There are 2 protein chains.
Amino acid sequence: MKIVIIGADAAGMSAASRIRRNRPDFEVHVLERTTDVSFSACNMPYNIADPSRSMDDLIVRSAAAFQKQGIHLYLGHEALSIDRARRKVEGKTVDGKIVSFPYDRLLIATGASAKKPRIPGIDAPGVLVLRHLEDGRGIKSWLASRNPGHVAILGMGYIALEMAEALVSRGIRVSMIKPGPLLLPDMARQLAQVIQSELESKGVALHPGVPIEAIEHSADGIQVMGQEGFRLSADGLLCATGVIPNSALAATAGIRLGVQNAIETDALLRTSDPFIYAAGDCADALHIVSRKKVWIPLALRANRAGWAAADAMCGNPKAVDGIAGTAVFKVFDLEVAKTGLSRKEAEQAGFDPVEIVIESRSRAHAYPGGCPIWVNLLADRESAMILGGQIVGKEGAAHRINAIAVALHVGMTVFQFYQTDLAYAPPFSPVWDPMLTAANQLMKALAGGAA
Amino acid sequence: MKIVIIGADAAGMSAASRIRRNRPDFEVHVLERTTDVSFSACNMPYNIADPSRSMDDLIVRSAAAFQKQGIHLYLGHEALSIDRARRKVEGKTVDGKIVSFPYDRLLIATGASAKKPRIPGIDAPGVLVLRHLEDGRGIKSWLASRNPGHVAILGMGYIALEMAEALVSRGIRVSMIKPGPLLLPDMARQLAQVIQSELESKGVALHPGVPIEAIEHSADGIQVMGQEGFRLSADGLLCATGVIPNSALAATAGIRLGVQNAIETDALLRTSDPFIYAAGDCADALHIVSRKKVWIPLALRANRAGWAAADAMCGNPKAVDGIAGTAVFKVFDLEVAKTGLSRKEAEQAGFDPVEIVIESRSRAHAYPGGCPIWVNLLADRESAMILGGQIVGKEGAAHRINAIAVALHVGMTVFQFYQTDLAYAPPFSPVWDPMLTAANQLMKALAGGAA
């Protein structure tokens, strides 16, 4: 059996390794456009924060280690087309040589790319993106050579926020701009306000509600021109306005795309072509709360889907569960965590959400060093099923969210969750964990008919 | 309706407050033997660590605040007997005056007491216990006046370990002794070893496997005499060998006791007498994994049971779920967490447990400052249902355990848990959270038939 994999990052290499472990008799061929394999993209902002560290620190496992495992790894090989009738992938090398890889089973693990808005000047020098390791290297060498005093960031998502922290930690002034009016529109307003205050306290200038019309580049740096006369000059502009799935190759081959143009897959990671699988940031997933297909590219899912695709291709299919969209990030001294649906997402999914926000403490009242923690929790009015949760605080937010994520996977009601025996000791929590306090308030809101 | 409550700590005062909120027309009378109400006993070791803090910092809510709420609070009133036929409690005041409280409903919330082993000399001066606020005050004033250089601790449970940390932080040398051969026998051995190494690295001398025969007291301090010639001299001895439920009052009145002499209760906190309820450390609970009655006195349960008893007495009964026995504690730089059953407890409950221990990291490999974290997870061989988990590490152990606790409440299998979408970001976790790595290993162990 000959397996071809397009893309050598989390999903692709997880699959490649697992196939070799499952079935040493299978041939595995991996095509990778760049020369980097299996790197920790999520770690790039923290690496960029530290001038002394090499970007290669982020390589989780080297190409040589994979090759030693018997995986045929073709670096600098870009897949150009999939001939589904003849079951082969056509590609070209960095030298322009045309290559062809026949397959019995194909895994598309092409990931996602930075999405750049269509603005005049967006491709000018001094406009940077961060997605691949080569982007990270580019940013680091730009920082080292330019030594900027002020960087603008387009976008206020979690990559943008992590990069704001990284740049501030290098002594660089940061201004953030986005067209939409709200910081983190999927967060409960009270929690987003906590994050906004944290950013402002660290000197980050926030400019929401500014549609950008053009970017101008000169020897002095860049100038961002927004509506209503907005002007902002900086040494450079980081464009962190989200990502899009790399699904064009699949689409051109007639493979069905789904939500947000991600490749449509089932619980065994099969595409609409029975010989072709897709996994990672290029593929969709089922949301465990809405039971609808979503595209939420995150690292754990990519790794898990890579393994599941490998098992399925090896003839040992095991369905993957859906995702809760659990995401955490750190922004300066704050931990920010979210799982499941926001209120707006819940409404869009057809629920009638009842939502509360509580403020509690990270530690018992008499234990030194505690700090405020905010919990947002929402449930469906009729069924009382928990739909999602968000937590923000200087400590204890990131790991707490996992308890709510587990509850989402089993469709727990808030009444059931309120009964759970969560951990208490003064250094870690009040007697009633903030999540239980939130559950109690949510039960009251459900009973009172309040929203 | 006249409600009488015996005991003014977590369970008793939670109930008293809730009754007044639910039913302002109900009379609530609370008898308390000491003069302290509603204090955070769990916080005492941390208070003792800091000579500058008053023990009164640990009072969660003052007697005056409760009285303002219309609660009739009788401090220095000890309940002596319950006349179930006439529905009244007989007691005496600190001055020896006999008092009588008729009730329509009675809540017994008498808590637990420090258990002292029967050893000659155990009641000598210089032998201290820690259970009530007055014990804490006694220890603090003893430390201040005696200024000890060396304290022995009898017992190695979590109170003993928290006190070891508190004393070491005050510059006092600590020696710990216990008759049994193992530190924390309910923990997986590999995790207990991590804790033992931490204690030893902080200079705590551990003497397990030493049955004590006598304690001698002199002007120089105390001497602990163990079997086989064991001798240990110290300025004082803290006896932290566990607690027993304060159930004698109930037993004498003919109320049924259950496991470990705790008062037997149902899911509405009713005792065998339909007019009498029990809640808190004096009462038993159902274990959600073994479905057997257990006595695991912990603060969250006491508060929750107090509320539930109040609701039931107010004619609005809501069953409480069982407990997972979730417990966390800090010992020096380590977080230690446990939920559900240990391997031995699982075997005793009739399961056929398969158990694994993994070592992972608290943060992503390339993120600075991470440290090792150990996870123990066990499941039933036949059903694959998770039976319990334990986590030890310098960070991220305490809050992680909640995800496993929630899984226990819904009887999740390890296969289902492995599919949960847990949080990942480099500052907080590897891509595969250590709990998922543990689940993966446990699935392999289940498949392989290994133990």
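Residues numbered from 1 in each chain as written. Chains lettered and ligands numbered in written order. Predicted model: local features only at pLDDT ≥ 70, side-chain atom pairs only at ≥ 80, totals over all residues. Heavy atoms only, no water.

**Digging into the pattern of salt bridges**
Residue and element names in this part refer to chain A. Inspection of the entire model under this criterion finds 50 salt bridges over all chains. A salt bridge links Arg-381 to Asp-352; its shortest N-O distance comes to 2.9 Å. Of the two residues, Arg-381 is situated in the loop between strand E24 (372–380) and strand E25 (386–393) and Asp-352 in the loop between helix H9 (343–348) and strand E23 (353–361); the sequence distance between them amounts to 29 residues. We classify Arg-381 as partly exposed; its relative accessible area is 31%. Given the relative accessible area of 38%, Asp-352 is considered partly exposed. For the salt bridge of Asp-433 with Arg-400, the shortest nitrogen-to-oxygen distance reads 2.9 Å. Here the residue Asp-433 occupies a position in the loop between helix H11 (414–418) and helix H12 (434–448), and Arg-400 occupies one in the loop between E25 and helix H10 (401–409), the gap between them amounting to 33 residues. Each member of the pair, Asp-433 as well as Arg-400, is classed as buried. (Salt bridge = Lys/Arg side-chain N within 4 Å of Asp/Glu carboxyl O. Helix = DSSP H or I, 4+ residues; strand = E, 2+ residues; numbered from the N terminus. Buried < 20%, exposed > 50% of the residue type's maximum accessible area, 1.4 Å probe, protein only.)

**What about the sheet that holds strand E11 (residues 173–177) of chain B?**
Working definition: the strands of a sheet are paired by backbone hydrogen bonds and lie parallel or antiparallel to each other. Residue and element names in this part refer to chain B. Strand order in the open sheet made by the five strands is E9-E16-E10-E11-E12, with parallel pairing throughout. Across the chains shown, the open sheet's two edge strands, defined by having one partner strand only, are strand E9 (127–128) and strand E12 (205–207). Here three bridges tie E11 to E12, and the two strands are oriented parallel to one another. Directly across from Ile-177, in E12, lies its bridge partner His-207. (Pairing = 2+ DSSP bridges.)

**Thoughts on the interface of chain A and chain B**
Each partner contributes residues to the interface: chain A has 62 residues there, and chain B has 62 residues. Here chain A meets chain B over a buried area of about 5300 Å², counting both sides, of which 64% is carbon and sulfur. In terms of surface lost to chain B, no three residues of chain A exceed His399(A), Asp421(A) and Phe428(A), which account for 15% of the buried area on that side. Between chain A and chain B we count zero salt bridges in total. One can count 28 residue pairs in polar contact (both at pLDDT 80 or more) joining chain A with chain B. (Contact = heavy atoms within 4.5 Å. Buried area = accessible area lost by both parts, 1.4 Å probe. Polar contact = N/O pair within 3.5 Å; in protein donor to acceptor, adjacent residues only side chain to side chain.)

**A closer look at the side chain of Thr339(A)**
All names here are of chain A. Position of Thr-339 among the secondary structure elements: in strand E22 (residues 334–340). The buried category is assigned to Thr-339, whose relative accessible area is 0%. Polar contacts involving the side chain of Thr-339 include one to the side chain of Thr-326, which spans 2.8 Å. Here Thr-339 is in contact with Ala-324, Gly-325, Thr-326, Gly-388, Gly-389, Ile-401, Ile-404, Ala-405 and Leu-408, once residues within four sequence places are set aside.

**Re H10(A)**
Across the nine residues that make up H10(A), a large majority, nine, are buried. At the C-terminal side of H10(A), Gly411(A) shows a positive phi close to 65°.

**So, the sheet that holds strand E15 (residues 231–234) of chain A**
Residues and elements named next belong to chain A. Spatially, three strands are ordered E13-E14-E15 in an open sheet, and the strand pairing comes out antiparallel. On the outer flanks of this sheet lie strand E13 (212–218) and E15, each paired with one strand and no other. Taken over all neighbouring pairs, the strand axes of this sheet differ in orientation by 15° on average, direction set aside. (Axes fitted to C-alpha atoms, helices over the stretch in contact; angles between N-to-C directions.)

**Section: the side chain of Arg18(B)**
Residue and element names in this part refer to chain B. With respect to the helices and strands, Arg-18 occurs in helix H1 (residues 10–22). For Arg-18, a relative accessible area of 15% gives the class buried. Those residues in contact with Arg-18 that lie beyond four places of it in its chain are Trp-307, Ala-310, Asp-311 and Lys-318.

**A word on the environment of Ala319(B)**
Note that Ala319(B) resides in the loop between helix H8 (299–313) and strand E21 (327–331). Not counting the four nearest positions on each side in its chain, Ala319(B) is found in contact with Gln419(A), Ala267(B) and Leu268(B).

**A look at the packing of aromatic side chains**
All told, the structure shown has ten aromatic pairs over all chains when counted by the stated rule. Ring centres of Tyr46(A) and Tyr367(B) lie 4.8 Å apart, and the angle between their planes is 75°; on these two criteria the pair is classed as edge-to-face. With Tyr46(A) in helix H2 (residues 44–48) and Tyr367(B) in the loop between strand E23 (353–361) and strand E24 (372–380), this pair bridges two chains. For Tyr46(A), a relative accessible area of 8% translates into the label buried. (Phe/Tyr/Trp six-rings, centres within 6.5 Å; stacked < 30°, edge-to-face > 60°.)

**Some words on empty space enclosed by the protein**
This model, assessed by the stated rule, comprises four cavities of 30 Å³ or more. Of the voids in this model, the largest cavity is the one considered here, and its volume is about 80 Å³. Lining the largest cavity are 13 residues, with Gly280(B), Ala283(B), Asp284(B), Ile296(B) and Arg301(B) positioned closest to its centre. Taken together, the residues of the lining of the largest cavity break down into nine nonpolar, one polar and three charged. By volume, the second largest cavity amounts to about 60 Å³. Lining the second largest cavity we find 13 residues, and of these Gly280(A), Ala283(A), Ile296(A), Pro297(A) and Arg301(A) sit closest to its centre. (1 Å grid on protein atoms, 1.4 Å probe; cavity = no way out; pocket = protein on both sides within 12 Å on 5 of 7 lines; lining within 4 Å. Points joined across faces, edges and corners; volume = space filled by probe spheres on them. Nonpolar A, V, L, I, M, F, W, Y, C, P; charged D, E, K, R; others polar.)

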